[in-house]
There are 2 protein chains.
Amino acid sequence: MQPDQTDRKILDLLQQNAQMTIKEIASKINLSVTPVHERIRKLEKEGFIDKYVCLLNRRKLGKSLVVYCNVTLDKQRKESFEDFNQAIVKMPEVLECSVVSGNFDYMLKVVVEDGEAYNQFYQHKLSALSSVLHISSYFVISEIKYTTGIAVL
Amino acid sequence: MQPDQTDRKILDLLQQNAQMTIKEIASKINLSVTPVHERIRKLEKEGFIDKYVCLLNRRKLGKSLVVYCNVTLDKQRKESFEDFNQAIVKMPEVLECSVVSGNFDYMLKVVVEDGEAYNQFYQHKLSALSSVLHISSYFVISEIKYTTGIAVL
DNA sequence: GTTGAAACCGGTTGTCT
DNA sequence: AGACAACCGGTTTCAAC
């Protein structure tokens, strides 16, 4: 079942700030705590809410460099995709990895300390995979926008 | 001041699951609740923790399509970058936008319902910006990995 | 940093409308 | 389905070690 407008309001508030209390949410949408509480439980149980996390400050923790990578695999080897996927999920530097359409196979988002750390990652981890044929790296110079919140209203 | 190993353990647990109680964290790192509580408050106050959010399930909410875009601006106009940045931050479809090095200017991550919705976004919102010279779109076919958690240990 | 206690507040549950 | 009230558990603060 798709969430109604009230549910969507709740989802939107929680994806902006998961620390908001049920009371605060209730007052914002002109309801009492009971229905808000029930709706949240329902949204969690039905899988509309995947998880609650905290977002850390990359820079303050020394992870100053973000790199988007385009990766092309060696399609001669039929096991290339499976091998690559399994290797990628184990790499903590890789935050996002998707198979994409177009003139390369994967789009990656990599977060590391600095250029030197990226060089290490590139040479010894990413290009070291036998399934990888080609990599293009795009270094983030300035982050204009970053949000985990999707449009729900 | 940089967080010590205990702080980093706490940060790692919270970026995996922000609902974990202080009690649970304390038992996992063999400490009592008081110091854990103090460390979390300190990490929040000093800005290592940016915010607490919930991550929604895109698919269940009908946002099935993710597209990475490479955007090139019209550099003849000196106000292009400022115009573009201001427009992008207002677009709820755009979750990530960064200035990057290489043969184009911006990398975007866009989340929409489907191909038709992307077409609408592309034609009427993104390419409608006067500062935009060229756009390349890479449609996500399969999401291999997605996490907001950076390596902190 | 630990323990224990107390106050507080939000989450949780049951009942009523 | 929403409002109200009582209970429970975790958070928060404090004191003493």
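Residues numbered from 1 in each chain as written. Chains lettered and ligands numbered in written order. Predicted model: local features only at pLDDT ≥ 70, side-chain atom pairs only at ≥ 80, totals over all residues. Heavy atoms only, no water.

J.: Explain the environment of B:I49 to me, and be specific about the residues and the numbers.
T.: Within the element layout of this structure, B:I49 appears in strand β1 (residues 49-56). With relative accessibility at 6%, the residue B:I49 sits in the buried group. Apart from residues lying up to four places away in sequence, B:I49 is in contact with A:C54, A:L55, A:L56, B:L11, B:L14, B:L43 and B:E44. (Helix = DSSP H or I, 4+ residues; strand = E, 2+ residues; numbered from the N terminus. Buried < 20%, exposed > 50% of the residue type's maximum accessible area, 1.4 Å probe, protein only. Contact = heavy atoms within 4.5 Å.)

J.: Hey, could you go over unusual backbone geometry for me, with residue numbers and the actual values?
T.: The phi dihedral of A:N30 is positive, around 55 degrees, even though this residue is not glycine. Tracing the backbone shows A:N30 in the loop between α2 (22-28) and α3 (33-45).

J.: Go over the protein's contact with DNA strand D, please, and point to the residues and values.
T.: Around DNA strand D, the neighbouring residues are A:L31, A:S32, A:T34, A:P35, A:R39, B:T21, B:I22, B:K23, B:H37 and B:R41. The sugar and phosphate moieties of DNA strand D supply 73% of its atoms located within 4 Å of the protein. At 3.3 Å, a side-chain N or O of A:R39 approaches a phosphate oxygen of DNA strand D. Interatomic distance of 3.2 Å between a side-chain N/O atom of B:K23 and a phosphate oxygen of DNA strand D. Those elements that place two or more of their residues in the surface near DNA strand D are α3 of chain A together with α2 (22-28) and α3 (33-45) of chain B. Of the residues belonging to the surface near DNA strand D, the class tally is 3 nonpolar, 4 polar and 3 charged. (Near = heavy atom within 4 Å. Polar contact = N/O pair within 3.5 Å; in protein donor to acceptor, adjacent residues only side chain to side chain. Nonpolar A, V, L, I, M, F, W, Y, C, P; charged D, E, K, R; others polar.)

J.: Quick one: what's the story with the protein's contact with DNA strand C, residue by residue and with numbers?
T.: A:T21, A:I22, A:K23, A:T34, A:H37, A:R41, B:N30, B:L31, B:S32, B:T34, B:P35 and B:R39 make up every residue found near DNA strand C. When atoms of DNA strand C within 4 Å of the protein are sorted by moiety, sugar and phosphate together comprise 79%. Within the backbone of A:I22, a nitrogen or oxygen atom sits 3.2 Å from a phosphate oxygen of DNA strand C. A distance of 2.9 Å is found between a phosphate oxygen of DNA strand C and a side-chain nitrogen or oxygen belonging to A:H37.

J.: I'd love a proper account of the domain arrangement of chain A, names of residues and values included.
T.: Domain boundaries assigned for chain A yield domain 1 (5-46) and domain 2 (58-139). Using only C-alpha atoms to locate each centre, domain 1 of chain A and domain 2 of chain A end up separated by 37 Å. (Domains from an automatic or database assignment.)

J.: Describe the relation of the copies chain B and chain A, naming the residues involved and giving the relevant values.
T.: Put simply, the two copies of the chain differ by a rotation about an axis and a shift along that axis. Rotating chain B by 180 degrees about the axis while translating it 0.0 Å along that axis superimposes it on chain A, leaving an RMSD of 0.0 Å. Interpreted geometrically, this transformation is the action of a two-fold axis. Looking at the rotation axis and the C-alpha trace of chain B, the residue lying nearest is B:V53, at 2.9 Å. (Least-squares fit on C-alpha atoms with pLDDT ≥ 70 in both.)

J.: Just give me the short version of the UniProt feature "domain: HTH asnC-type" (unreviewed entry) in chain A, but keep the residues and values in it.
T.: The positions UniProt marks with the feature "domain: HTH asnC-type" (unreviewed entry) are residues 1-64 of chain A. End C-alpha to end C-alpha, residues 1-64 of chain A measures 42 Å, and it is 50% helix and 12% strand. (UniProt positions renumbered as here; feature names shortened; annotations may be inferred.)

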